[in-house]
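Spelled out, the chains give:
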Amino acid sequence: MPAGRLRVLYVGGLGRSGSTLIERLLGQVPGACAVGELVHLWERGVTEDERCGCGEPFSQCPFWELVGKAAFGGWDEIDVSRVGALRAQVDRNRFIPALARGHLRPGTRELLAEYTSYYARVYAAVAGVSGCDLVVDSSKHASLAFCLARQSGIDLRVLHLVRDPRAVAYSWGKQVRRPDTDRPSYMTRYSPATAAMQWNIQNGAFGLLSRTGVAVMRLRYEDFTAEPERALRRVAGFAGLPDRDSYPFLTAGGTSVSARLDGGHSVSGNPMRFTTGEVPIRSDEQWRTRMPRAQQRAVTALTWPLMAGYGYLGARS
């Protein structure tokens, strides 16, 4: 890796695919610092002061206070509205084709460089404060991954996480409260058709990213839950972490595996980012019995080309 480039493992894919659990497990590995979905840092953390994964409001978390000072001299020294304006101009799905081709106008290149410089500074500060060589960002959005691929100060490695679209669509239909704030707040919900469309867009985009020279590793969530240690070892190696004899935070009992999770400093993500202690690792198959058959068939019809490519049209489908 060229001197000065920071190693970042970006967990990508559509939400409700298990990214928070995998990110947290990676954060248990020495040398890796998992920070949740940094794409939401500016609004949910800096502006709205939602809770860090440690339970403290963002402004009162000692870890993020140090990161802000190291990156910008303090969070009050940056114009969050400027970050939002830059995002609107370069970090959207509609810009992915141009980013993939590299056909950017000079003005757009400057905006992109400015936008990604904010992330580069945060990544460097996280590494410095934590003492870790690898930063794990589970922002998931394909458009941000394409943007970060243009940031020369980052050694970007992308974990493309895939889950059966029927399981994903079923999960997006649930009403889930966000414990990130004291005011009533719920996670976004999608209809099965919208979830299927988003699944196609995000996963198709990461397939395109892998053809642009960016290091991309695909992992099916179902394969991870079937053999957690093997999958974690593969991901850690891909991310450049040293090989280890074992992962003591993983415990096998019969046919099941659980993980012992310590607290962390994820800035945003699934509510399970607040969970500590023993957590079972298993594939949630509720969709098979609780999702109406008509919805299952509709999602399959809308996503079958990629489903087939990922091996989801087998005997149990």
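Residues numbered from 1 in each chain as written. Predicted model: local features only at pLDDT ≥ 70, side-chain atom pairs only at ≥ 80, totals over all residues. Heavy atoms only, no water.

Caption draft 1: A look at the sheet that holds strand β5 (residues 215–220). Taking strand neighbours across the sheet as the criterion, the five strands line up as β2-β3-β1-β4-β5 in an open arrangement whose pairing is parallel. Both outer strands of the open sheet, β2 (32–34) and β5, are each paired with one neighbouring strand and no more. Each adjacent strand pair in this sheet contributes to an overall mean axis angle of 25°, direction not counted. As judged from the six bridges shared by strand β4 (residues 154–162) and β5, these two strands associate in the parallel manner. Paired with Val 162 across the strands is Arg 220, a residue of β5. Its contacts with the sheet place helix α11 (residues 228–238) against β1 (6–12), β4 and β5, and it is angled at close to 170° to β5. (Pairing = 2+ DSSP bridges. Helix = DSSP H or I, 4+ residues; strand = E, 2+ residues; numbered from the N terminus. Axes fitted to C-alpha atoms, helices over the stretch in contact; angles between N-to-C directions. Contact = heavy atoms within 4.5 Å.)

Caption draft 2: Spatial organisation of the environment of Asp 79. The residue Asp 79 is located in the loop between α3 (62–72) and α4 (80–90) in this model. Sequence-wise, Asp 79 and Trp 42 are 37 residues apart; in three dimensions their C-alpha atoms are separated by 9.5 Å.

Caption draft 3: Here's a closer look at the pairing of strand β7 (residues 256–261). Pairing of strand β6 (residues 250–253) with β7, which is carried by four bridges, proceeds in the antiparallel orientation. Residue Thr 251 lies in a different strand from β7, and its bridge partner there is Ser 258. Joining the antiparallel neighbours β6 and β7 is a turn of two residues, in which Gly 254 adopts a positive phi near 70°. Two elements, β7 and strand β8 (residues 277–281), share five bridges in a ladder whose sense is antiparallel. Pairing of Leu 261 across the sheet is with Gly 277, part of β8.

Caption draft 4: Main features of the side chain of Asp 164. Position of Asp 164 among the secondary structure elements: in the loop between β4 and α8 (165–172). The class of Asp 164 is buried, set by a relative accessible area of 5%. The contact partners of Asp 164, leaving out residues within four places of it in the chain, are Trp 199, Glu 222, Trp 287, Met 307 and Tyr 312. (Buried < 20%, exposed > 50% of the residue type's maximum accessible area, 1.4 Å probe, protein only.)

Caption draft 5: Molecular detail of the packing of aromatic side chains. This structure, assessed with the given rule, holds 15 aromatic pairs. With centroids separated by 5.5 Å and ring planes inclined at 75°, the aromatic side chains of Tyr 115 and Tyr 119 adopt a geometry described as edge-to-face. One end of the pair, Tyr 115, and the other, Tyr 119, are both in helix α6 (residues 106–130), four residues apart, so they sit about a helical turn from each other. There is no split in this pair, since Tyr 115 and Tyr 119 are both buried. Chaining the aromatic ring pairs together yields one cluster made of Trp 42, Phe 58, Phe 63, Trp 64, Phe 72, Trp 75, Tyr 115, Tyr 118, Tyr 119 and Tyr 123. Cation over ring: Arg 16 sits above Trp 172, and NZ or CZ is 4.5 Å from the ring centre. (Phe/Tyr/Trp six-rings, centres within 6.5 Å; stacked < 30°, edge-to-face > 60°. Lys NZ or Arg CZ within 6 Å of the ring centre and 35° of its normal.)

Caption draft 6: Seen up close, the nonpolar core. Grouped together as the largest cluster of nonpolar side chains are 53 residues, with contacts concentrated most on Trp 42, Trp 64, Trp 75 and Val 122. Excluding residues that lie within four positions of it along the chain, Val 122 makes contacts with Leu 38, Leu 41, Trp 42, Trp 64, Val 67, Ala 71, Phe 72 and Trp 75. In this structure, Val 11, Met 217, Tyr 221 and Phe 224 belong to the second largest nonpolar core, which totals 31 residues. (Core = buried A, V, L, I, M, F, W, Y, C linked by side-chain atoms within 4.5 Å.)

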